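If you want the building blocks of each chain, they are given just below.
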Amino acid sequence: MPSFLRRIEIMVHRANSATVIKSALEDDYHHFRVAITIKDNTISTIDTAGLRTPYSLCAQAGPELEALQGLAIDEVLHTLPQRVDARLQCTHQLDMAGLAVAAMANGADQRRYDIAVPRHVKGGTTARLWRNGEEILCWQIENNFIVAPPKFAGVSLQRGMAAWARTTLDTDMAEAALVLRRGAVISLGRLRNLDLEQHAKPLGYCYVQQTERASQAHRMVGSTLDFSDNPASLCADDQDWLKTPTM
């Protein structure tokens, strides 16, 4: 059974003058890089790259992430939704930035998330998440609701999960749950042929889905890849970049 696979890799390079955090994300539909410089506990610079995107205008969302420049680390960790309008961002690059800052704040030098979601059958699937090679979460999902394990049973993947996770789970588990939730929702794209869609839909959820640009965000035909038989290739091309301690 083909599976949706996603990998997020983060590396933190600390120096006396500044800390550089690099993050790479690759899955069936996306391949992004985000690099952040931290000086005096504040985001100094952000650089992004959209290496493979589902729509022609996705990469143009990168400069929008510069809205984080000047924010203190605590602001990113605790009040980011109030300071940045996620609907005007690339969802995935914004997630990457938040995860990168959290990894640095937790003292990590490296962090890797892996997600696997087999193709849904009659609305059901099993979604798994590994952090640094250790399985952290395994959810049974039916019709966009988690049905097992009991701790997560009844939680919707579509509505209210972020608030539930942040008030119910500890910080590390909440982060992992939201990372898996994103992957589980994105995996639904496997149920249709995205190449038949000429452009992004004007749903308003992210940068390319805003009504003023959705019709101009053309589908990048052939950009979807299948890593089911070769998961090791996820982010393989990012390794030298991740390990280089400069922007």
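Residues numbered from 1 in each chain as written. Predicted model: local features only at pLDDT ≥ 70, side-chain atom pairs only at ≥ 80, totals over all residues. Heavy atoms only, no water.

(A) Here's a closer look at the overall build of the protein chain. Along the protein chain, the regular secondary structure elements total five helices and eight strands. In the protein chain, the succession of helices and strands from N to C terminus is β-β-β-β-α-α-β-β-β-β-α-α-α. Over its C-alpha trace the protein chain gives a radius of gyration of 17 Å, about what one expects of a compact globule, namely 18 Å for 247 residues. For the protein chain, the spread of C-alpha atoms along the three principal axes comes to 55 × 45 × 35 Å. Classification of the 247 residues of the protein chain by burial places 49% in the buried group. The contacts in the protein chain between residues at least 6 apart in sequence include a share of 58% that link residues at least 24 apart. Looking at charge distribution, the protein chain has the averaged site of its 26 positive side-chain charges lying 4 Å from that of its 28 negative ones. (Helix = DSSP H or I, 4+ residues; strand = E, 2+ residues; numbered from the N terminus. Rg over C-alpha atoms; globule rule 2.2 N^0.38 Å. Buried < 20%, exposed > 50% of the residue type's maximum accessible area, 1.4 Å probe, protein only. Contact = heavy atoms within 4.5 Å. Lys, Arg positive; Asp, Glu negative; His and termini not counted. Charge placed at Lys NZ, Arg CZ, Asp CG, Glu CD.)

(B) Geometry of the environment of Val-12. Within the secondary structure, Val-12 is located in strand S1 (residues 3-14). Since its relative accessible area comes to 8%, Val-12 is described here as buried. On a C-alpha basis, the gap between Val-12 and His-218 in space is 35 Å, while along the polypeptide they are 206 residues apart. Ignoring anything within four residues of it in the chain, the contact list for Val-12 reads Thr-19, Val-20, Ile-21, Met-104, Ala-108 and Asp-109.

(C) Quick peek at the nonpolar core. Core analysis: the biggest nonpolar cluster contains 63 residues, and Ile-36, Leu-68, Trp-139 and Val-208 have the highest contact counts within it. For this core, the leading source of residues is helix H2 (residues 91-105), giving eight residues. In contact with Val-208, other than residues within four places in its own chain, are Tyr-55, Leu-57, Cys-58, Ala-200, Arg-213, Ala-214 and Ala-217. In this structure, Ala-24, Ala-35, Cys-235 and Trp-241 belong to the second largest nonpolar core, which totals six residues. (Core = buried A, V, L, I, M, F, W, Y, C linked by side-chain atoms within 4.5 Å.)

(D) Local environment of the packing of aromatic side chains. Enumeration according to the criterion identifies three aromatic pairs in this entry. Of the aromatic side chains, those joined through ring pairs into one cluster are Trp-139, Phe-152 and Trp-164. The cationic tip of Arg-213 hangs over the ring face of Tyr-207; the distance from NZ or CZ to the ring centre is 3.8 Å. (Phe/Tyr/Trp six-rings, centres within 6.5 Å; stacked < 30°, edge-to-face > 60°. Lys NZ or Arg CZ within 6 Å of the ring centre and 35° of its normal.)

(E) Representation of the pattern of salt bridges. The full count for this structure, using the stated rule, is 15 salt bridges. Residue Asp-27 is joined to Arg-6 by a salt bridge in which the shortest nitrogen-to-oxygen separation is 2.7 Å. Placement of the pair is Asp-27 in strand S2 (residues 19-27) and Arg-6 in strand S1, with a sequence separation of 21 residues. Between Glu-75 and Arg-83 there is a salt bridge, with its nearest N and O atoms 3.4 Å apart. Each of Arg-7, Arg-112 and Asp-114 takes part in salt bridges that share partners, so that together they form one network. (Salt bridge = Lys/Arg side-chain N within 4 Å of Asp/Glu carboxyl O.)

(F) Structural context of the packing of helix H1 (residues 73-83) against H2. The geometry of H1 relative to H2 is characterised by a closest axis approach of 10 Å and an angle of 125° between their N-to-C directions. With respect to each other, H1 and H2 are oriented oblique. Crossing of H1 against H2: the hand is left-handed. Side by side, H1 and H2 meet where Ile-73, Val-76, Leu-77 and Leu-80 of the first sit next to Leu-94, Val-101, Ala-102, Met-104 and Ala-105 of the second. Of the residues assigned to the contact of H1 with H2, the class counts are nine nonpolar, no polar and no charged. (Axes fitted to C-alpha atoms, helices over the stretch in contact; angles between N-to-C directions. Parallel < 35°, antiparallel > 145°, perpendicular 65-115°, else oblique. Left-handed = near helix turned anticlockwise from the far one by under 90°. Nonpolar A, V, L, I, M, F, W, Y, C, P; charged D, E, K, R; others polar.)

(G) Inspection of the pairing of S1 at higher detail. Burial analysis of S1 places 11 of its 12 residues in the buried class, the great majority of the element. Summarising the sheet, S1 and S2 pair through nine bridges and their orientation is antiparallel. Bridged to Glu-9 within S2 is Ala-24. Where S1 folds back onto S2 in an antiparallel hairpin, the turn is made up of four residues. (Pairing = 2+ DSSP bridges.)

(H) Summary view of the packing of helix H3 (residues 161-168) against helix H4 (residues 171-186). Where H3 contacts H4, the two axes come as close as 9 Å, and the packing angle between them is 160°. Comparing the axis directions of H3 and H4 gives the class roughly antiparallel. The handedness of the crossing between H3 and H4 is right-handed. Residues Met-161, Ala-162, Ala-165 and Arg-166 of H3 pack against Ala-174, Ala-177, Leu-178 and Arg-181 of H4. Here the residues of the contact of H3 with H4 sort into six nonpolar, no polar and two charged.

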